[in-house]
Amino acid sequence: QLQLVESGGGLVQPGGALRLSCAASGKSPEYYDIGWFRQVPGKEREGISCISGGGRSGMYADSMKGRFSISRDYGKNAVYLEMNSLKPDDTAVYYCGADFRPPRFSSGSYKCRQAAEYEYWGKGIQVTVSS
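Bear in mind the structure is a predicted one, so any value in this text is a computation, not a measurement.

I'm lost on the overall build of the protein in this one. Help?
Along its length, the protein carries zero helices and 13 strands. Listed by position from the N terminus, the elements making up the protein come as β-β-β-β-β-β-β-β-β-β-β-β-β. Relative to its length of 131 residues, the protein is compact, with a C-alpha radius of gyration of 14 Å against a globular reference of 14 Å. Judged by the C-alpha coordinates and their principal axes, the protein covers about 40 × 35 × 30 Å. Relative to all contacts within the protein whose residues are 6 or more apart in sequence, the contacts with residues 24 or more apart total 59%. Carbon and sulfur atoms make up 46% of the accessible area of the protein, which amounts to about 7,100 Å² in all. Averaging the positions of the 16 positive and the 13 negative side-chain charges in the protein gives two centres separated by 1 Å.

What exactly am I supposed to notice about the environment of Phe-68 here?
Inspection of the secondary structure puts Phe-68 in strand E7 (residues 68-73). Distance from Phe-68 to Ser-85, taken between C-alpha atoms, is 8.8 Å for residues 17 residues apart in sequence. If we ignore the near neighbours within four places in the chain, the residues touching Phe-68 are Arg-38, Ile-48, Met-59, Leu-81, Glu-82, Met-83, Asn-84, Leu-86, Asp-90 and Tyr-94.

Is there a simple way to think about the pattern of salt bridges in this case?
When the charged atoms of two side chains with opposite charge come close together, those side chains can pair. For the coordinates displayed, the defined rule picks out eight salt bridges. When the shortest N-O distance is used, the salt bridge between Asp-90 and Arg-67 registers 2.8 Å. A residue pair is termed long-range when its members are at least 10 positions apart, and Asp-90 in the loop between strand E8 (78-83) and strand E9 (92-99) and Arg-67 in the loop between strand E6 (57-59) and E7 qualify at 23 residues. Pair check on accessibility: Asp-90 and Arg-67 agree, each one buried. Note that Arg-101 and Glu-117 form a salt bridge whose closest N and O atoms lie 3.8 Å from each other. Placement of the pair is Arg-101 in the loop between E9 and strand E10 (104-106) and Glu-117 in the loop between strand E11 (109-111) and strand E12 (120-121), with a sequence separation of 16 residues. By relative accessible area, which is 37% here, Arg-101 ends up partly exposed. Via salt bridges that share partners, Arg-38, Glu-46, Arg-67 and Asp-90 belong to a single interconnected network.

Please explain the sheet that holds strand E1 (residues 2-7) as it appears in this structure.
Adjacent strands of a sheet pair through backbone hydrogen bonds, lying either parallel or antiparallel. A sheet is described by the order of its strands in space; here four strands give the open sequence E1-E3-E8-E7, paired in antiparallel fashion. Here the strands that pair on one side only, and so sit at the sheet edges, are E1 and E7. Within the sheet, the average angular offset between the axes of one strand and its neighbour, ignoring direction, is 20 degrees. Of the pairings in the sheet, the one linking E7 to E8 comprises six bridges and is antiparallel in character. The residue bridging Asp-73 from the neighbouring strand is Ala-78, located in E8.

What counts and how
Residues numbered from 1 in each chain as written. Predicted model: local features only at pLDDT ≥ 70, side-chain atom pairs only at ≥ 80, totals over all residues. Heavy atoms only, no water. Helix = DSSP H or I, 4+ residues; strand = E, 2+ residues; numbered from the N terminus. Rg over C-alpha atoms; globule rule 2.2 N^0.38 Å. Contact = heavy atoms within 4.5 Å. Areas by Shrake-Rupley, 256 points an atom, 1.4 Å probe, with all protein chains shown as cover. Lys, Arg positive; Asp, Glu negative; His and termini not counted. Charge placed at Lys NZ, Arg CZ, Asp CG, Glu CD. Salt bridge = Lys/Arg side-chain N within 4 Å of Asp/Glu carboxyl O. Buried < 20%, exposed > 50% of the residue type's maximum accessible area, 1.4 Å probe, protein only. Pairing = 2+ DSSP bridges. Axes fitted to C-alpha atoms, helices over the stretch in contact; angles between N-to-C directions.

The structure is reproduced here in structure tokens:
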């Protein structure tokens with residue numbers, strides 16, 4: 001019964017920055033995980049970053065560390081993805097997903113779940129990086 005709506009996408013030049021928002025509404029537990037993913041035609045959905053209900057964050061790929069960061073605003077019931085130094089290869093449809101299960105830990109470290117493990121999804125928003 002959770003609704004997720006992405007916003008903040010659009011066209012940006014290489015090297016530019018965007019902040020995507022994932023607004024949540026509806027019935028949900030007080031704490032739950034949110035993940036950001038992206039997908040291009042012909043490829044599987046790729047994980048970017050995730051954040052737990054308690055504010056723990058994780059990254060799926062080293063290639064995006066230092067450029068993308070995730071944060072959560074509990075007062076606005078929103079999760080953000082800050083994207084910097086954008087490249088043409090970052091062009092994709094970006095999705096946020098939610099999962100109500102407790103966060104996953106491995107060897108004491110918070111770990112992002114796979115895309116198939118997320119129960120709720122937004123419709124996605126286009127991000128195009130082009131000069």
